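What follows is the residue order along each chain.
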Amino acid sequence: MKTKTILVTGGGGFLGSHLCDRLLARGDEVLCVDNFFTGNKANIYHLHDNPRFEILRHDVTFPLYVEADEIFNLACPASPIHYQFDPVQTTKTSVHGAINMLGLAKRVKAKILQASTSEVYGDPEVHPQVETYWGNVNPIGPRACYDEGKRCAETLFFDYHRQHKLRIKVARIFNTYGPRMAMNDGRVVSNFIIQALRGEDITVYGKGEQTRSFCYVDDLVEGLMRLMDTADDFTGPMNLGNPNEFTILELAETVIRLIGSKSKIVFKPLPENDPMQRQPNISTAKSVIGWEPKVQLEEGLGKTIPYFRKLLNQ
Ligand code: NAD
Ligand code: UDP
Ligand code: UDP
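Here the structure is a predicted model, which is why all the values come from computation and not from measurement.

This next bit is on the pairing of strand β1 (residues 5–9). Of all five residues making up β1, four are buried, and the element is well covered by its neighbours. The pairing of β1 with strand β2 (residues 29–34) spans five bridges and is classified as parallel. Bridge pairing in β2 places L7 opposite L31. In terms of handedness, the path from β1 via helix α1 (residues 14–26) over to β2 forms a crossover that is right-handed. Across four bridges, β1 lies against strand β4 (residues 70–73) in parallel orientation. Across the sheet, the residue bridging to I6 is E70, located in β4.

Throughout the structure, instances matching the rule amount to 19 salt bridges. The partner of E222 in a salt bridge is R22, with the nearest N and O atoms 2.7 Å apart. Linking E222 in helix α6 (residues 217–228) with R22 in helix α1, this pair joins segments that are 200 residues apart in sequence. Here D274 and R143 are joined by a salt bridge, their closest N and O atoms 3.8 Å apart. In this pair, D274 sits in the loop between β13 (265–268) and α8 (283–289) while R143 sits in the loop between β5 (111–117) and α4 (144–164), placing the two residues 131 residues apart along the sequence.

As a further point, take the site of ligand 3. Within the structure, ligand 3 sits among 18 residues, and T203, Y205, R212, D274 and R278 are positioned closest to it. Between ligand 3 and the protein, one listed contact pairs an oxygen atom with a side-chain N or O atom of N175 at 2.9 Å. Between an oxygen atom of ligand 3 and a side-chain N or O atom of N191, the distance comes to 2.8 Å. Protein contact buries 96% of the 520 Å² of open area that ligand 3 shows by itself. At the level of secondary structure, the elements contributing two or more residues to the shell around ligand 3 comprise α5 (188–198) and β8 (202–205). Looking at side-chain class alone, the shell around ligand 3 contains seven nonpolar, five polar and six charged residues.

This part takes up empty space enclosed by the protein. In the structure shown here, the tally under the stated rule is one cavity of 30 Å³ or more. What the largest cavity holds in volume is close to 40 Å³. In terms of lining, the largest cavity is formed by N73, L74, A75, C76, T93, S94, Q114 and K150. Of the residues contributing to the lining of the largest cavity, the split by class is three nonpolar, four polar and one charged.

Next up on the list: the sheet that holds strand β3 (residues 53–57). Read from one edge to the other, the open sheet built from seven strands follows the order β3-β2-β1-β4-β5-β6-β11, with strand pairing classed as parallel. The sheet is open, and its two edges are formed by β3 and β11 (238–240), each paired on a single side. Averaged over all pairs of adjacent strands, the angle between strand axes in this sheet comes to 20°, irrespective of strand direction. The strands that α1 touches are β1, β2, β3, β4 and β6 (168–173); relative to β1, the one it contacts most, it runs at about 170°. Relative to the sheet, helix α3 (residues 87–108) contacts β1, β4 and β5, its axis offset from that of β4 by approximately 170°.

This paragraph deals with the environment of H18. Relative to the helices and strands, H18 resides in helix α1. Each C-alpha atom of the pair H18 and N43 lies 8.4 Å from the other, and the pair is 25 residues apart in sequence. When residues no more than four places from it in sequence are discounted, the contact partners of H18 are P179, R180, V217, D218 and V221.

A few words now on the layout of surface pockets. A volume near 240 Å³ is recorded for the second largest pocket. Along its surface, the second largest pocket is lined by V120, E131, T132, Y133, W134, R151, E154, T155, F158, R162, R172 and P237.

Scoring rules and cut-offs
Residues numbered from 1 in each chain as written. Chains lettered and ligands numbered in written order. Predicted model: local features only at pLDDT ≥ 70, side-chain atom pairs only at ≥ 80, totals over all residues. Heavy atoms only, no water. Buried < 20%, exposed > 50% of the residue type's maximum accessible area, 1.4 Å probe, protein only. Helix = DSSP H or I, 4+ residues; strand = E, 2+ residues; numbered from the N terminus. Pairing = 2+ DSSP bridges. Right-handed = clockwise from strand over helix to strand, strands pointing away. Salt bridge = Lys/Arg side-chain N within 4 Å of Asp/Glu carboxyl O. Near = heavy atom within 4 Å. Polar contact = N/O pair within 3.5 Å; in protein donor to acceptor, adjacent residues only side chain to side chain. Areas by Shrake-Rupley, 256 points an atom, 1.4 Å probe, with all protein chains shown as cover. Nonpolar A, V, L, I, M, F, W, Y, C, P; charged D, E, K, R; others polar. 1 Å grid on protein atoms, 1.4 Å probe; cavity = no way out; pocket = protein on both sides within 12 Å on 5 of 7 lines; lining within 4 Å. Points joined across faces, edges and corners; volume = space filled by probe spheres on them. Axes fitted to C-alpha atoms, helices over the stretch in contact; angles between N-to-C directions. Contact = heavy atoms within 4.5 Å.

What follows is the structure, encoded as structure tokens:
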């Protein structure tokens, strides 16, 4: 069989770099496209000598003319502090980025997967979230650049599918963590681990009663690859995440215990529009791709803590 060329946008980021690793290990050619806004070249240094790996510094809001058999569209800042830093650019990345990658997929007849998000459900009134739920999103709030950008990207994917017969796959990714998250990422798992390792206060926003369901990166990447390989008539959307739900306070206590830290928990204001609960219903993933997460929270934290410890000791 001919070697496939896979374009990974956002390939220098947390999830994208793990995906590049797995695709190369499978024997694919990988073209990593990233503008390194939140990505880090250190995430992909180890791939430089691989003759099947190529990096292109490029912003997906501009057109891109390359060849590929499959496209994983992951380019987009994912952490609230980063996507709210330049919200207009965030919307452009999701919307113009999707248009450009869909235009590219149309021209070269590539199959294309969108890294969508549980944020399309907003602050959900249906719990756990099923793919048929339309969501509860504030279109003018501080999270809207990300949530609505991702919702519009989904719309574009489905319209290119209906109008131009593109082969599309939409993954709705729930909170995922693991090695290669940036030190300044700002999402909860990396914040808590870094604070606990430094012995600093653990910053719980609100009362910490809000919930999230945390998926380890290896499980998530496996799900993305399986979704890409589904039959052409399967589009998703498909929830990918770990259904084990925790309060943020429980997460803080677990991190403190696993690290044996002396850190104290302090409470900070809850950011505006912060969703109160989140848990994926993964029956679609179970039935269509035979997937469910294998790594549970304590084991996954056990794999992530040494990564941050090493970074802090550098
Ligand atoms: P990340 O910030 O580590 O990675 C995003 C990558 O996209 C970075 O390398 C960044 O430099 C790049 N990028 C941003 N804007 C770009 C642009 N305009 N052009 C080219 N590259 C650009 O975040 P991540 O956690 O790896 O997330 C990857 C994708 O998965 C994102 O699309 C995110 O929305 C989605 N997602 C992630 C999670 C999660 O919990 N990690 C949850 C839901 C959805
Ligand atoms: N595009 C791209 N690479 C390609 C083909 C298209 O970046 O290989 C961009 C181009 O900027 C275009 C967008 O994708 O505006 C949408 O392409 P499409 O063919 O759907 O629309 P059109 O070119 O007709 O506007
Ligand atoms: N959070 C927190 N302390 C932090 C960072 C985040 O309590 O230092 C909370 C945040 O308010 C949210 C949850 O943890 O309720 C998950 O936040 P994150 O930014 O990781 O992801 P998202 O809100 O996008 O799910």
